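Here's the letter readout for the chains.
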Amino acid sequence: MHAVLVLRRPPEEAVLTECLNLLQALLKGGNRVNALFLMGPAVAMAQEQLRSGPKDELIAAAAAAAFPLYVCGRAAAHHGVDLNCLAAPFVPGGYFQLLAAMQEAERTIEI
C-alpha cells in the first residue's frame, strides 16, 4: 500500500512521537509512504529552532524511506515560517503537490 501522511497538529513531542510511531508501523508492514505534508500549525516543525528527539527521528525516518517533507506555503505564511529559509529535508509545497500525491496513493492518513 502507498500512503500519504498529512500532519496538521502543532509539532509537540507527543504529536511527533505519534506520527513517528505510525510511520514506523507502516514501513514495518511493508507499506510505502510517498510524502509527509505539514499543514496548519504543523508547519512550525520546519523551523530550525524547534529541536526535539521525535522531530530528529521523524526526519531520519523520512530520509531513510526517501520521501519528501512538504511545507504548505499558505500555512507557512500564516504561522510565520519563511519558505525562503527552509533547510533540507523540508521543501515548499501546496495543494497541487498534495493532490498529486493523493492520486498516486491508496491511503491518505491525517494526524
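Here's a quick rundown of the structure. What you are looking at is a predicted structure, and each value in this text was computed from that prediction instead of being measured. (Residues numbered from 1 in each chain as written. Predicted model: local features only at pLDDT ≥ 70, side-chain atom pairs only at ≥ 80, totals over all residues. Heavy atoms only, no water.)

1. Let's talk about the side chain of Lys55
Point 1. Mapped onto the elements, Lys55 comes out in helix 2 (residues 53–65).
Point 2. For the buried Lys55, no salt bridge is present, and the opposite-charge side chain at shortest range is Asp56, 5.8 Å distant.
Point 3. Each residue touching Lys55, except ones within four places of it in the same chain, is listed here: Leu16, Met45, Gln47, Glu48, Leu50 and Phe90. (Helix = DSSP H or I, 4+ residues; strand = E, 2+ residues; numbered from the N terminus. Buried < 20%, exposed > 50% of the residue type's maximum accessible area, 1.4 Å probe, protein only. Lys, Arg positive; Asp, Glu negative; His and termini not counted. Salt bridge = Lys/Arg side-chain N within 4 Å of Asp/Glu carboxyl O. Contact = heavy atoms within 4.5 Å.)

2. Considering the packing of aromatic side chains
Point 1. All told, the structure shown has 1 aromatic pair when counted by the stated rule.
Point 2. Between the aromatic rings of Phe37 and Tyr70, the centroid separation amounts to 4.7 Å while the plane-to-plane angle is 20 degrees, which identifies the pairing as stacked. With Phe37 in strand 2 (residues 32–38) and Tyr70 in strand 3 (residues 69–72), this residue pair connects regions lying 33 residues apart in the sequence. Grouping residues by exposure puts Phe37 and Tyr70 together as buried. (Phe/Tyr/Trp six-rings, centres within 6.5 Å; stacked < 30°, edge-to-face > 60°.)

3. A look at the state of the cysteines
Point 1. Under the defined criterion, the tally for this structure stands at 0 disulfides.
Point 2. Distance from the sulfur of Cys85, which forms no disulfide, to the nearest cysteine sulfur (Cys72) is 17 Å. (Disulfide = S-S within 2.5 Å.)

4. Concerning the packing of helix 1 (residues 13–28) against helix 2
Point 1. Helix 2 packs onto helix 1 with a crossing angle of 25 degrees between their chain directions and a minimal axis gap of 9 Å. With respect to helix 2, the axis of helix 1 lies roughly parallel. Considering only the axes of helix 1 and helix 2, their crossing is left-handed. Contacts from Glu13, Leu16, Thr17, Cys19, Leu20, Leu23 and Leu27 in helix 1 reach Pro54, Lys55, Glu57, Leu58, Ala61, Ala62 and Ala65 in helix 2.
Point 2. Partitioning the contact of helix 1 with helix 2 into residue classes produces 10 nonpolar, 1 polar and 3 charged. (Axes fitted to C-alpha atoms, helices over the stretch in contact; angles between N-to-C directions. Parallel < 35°, antiparallel > 145°, perpendicular 65-115°, else oblique. Left-handed = near helix turned anticlockwise from the far one by under 90°. Nonpolar A, V, L, I, M, F, W, Y, C, P; charged D, E, K, R; others polar.)

5. Overview of the nonpolar core
Point 1. Core analysis: the biggest nonpolar cluster contains 39 residues, and Leu36, Phe37, Leu38 and Phe90 have the highest contact counts within it.
Point 2. Those elements that provide at least two residues to this core are strand 1 (2–7), helix 1, strand 2, helix 2, strand 3, helix 3 (73–78) and helix 4 (95–104).
Point 3. For this core, the element with the most residues is helix 1, which contributes 6 residues.
Point 4. Among residues more than four places away in sequence, those in contact with Leu36 are Leu5, Val6, Leu7, Cys19, Leu58, Phe67, Pro68, Leu69 and Tyr70. (Core = buried A, V, L, I, M, F, W, Y, C linked by side-chain atoms within 4.5 Å.)

6. What to know about unusual backbone geometry
Point 1. The omega angle of the peptide bond from Ala88 to Pro89 is 15 degrees, so this bond is cis rather than trans.
Point 2. Mapped onto the fold, Pro89 is located in the loop between helix 3 and strand 4 (90–93).
Point 3. For Ala66, which is not glycine, the phi dihedral falls at a positive 60 degrees.
Point 4. Here Ala66 is to be found in the loop between helix 2 and strand 3.
Point 5. We classify Ala66 as exposed; its relative accessible area is 58%.

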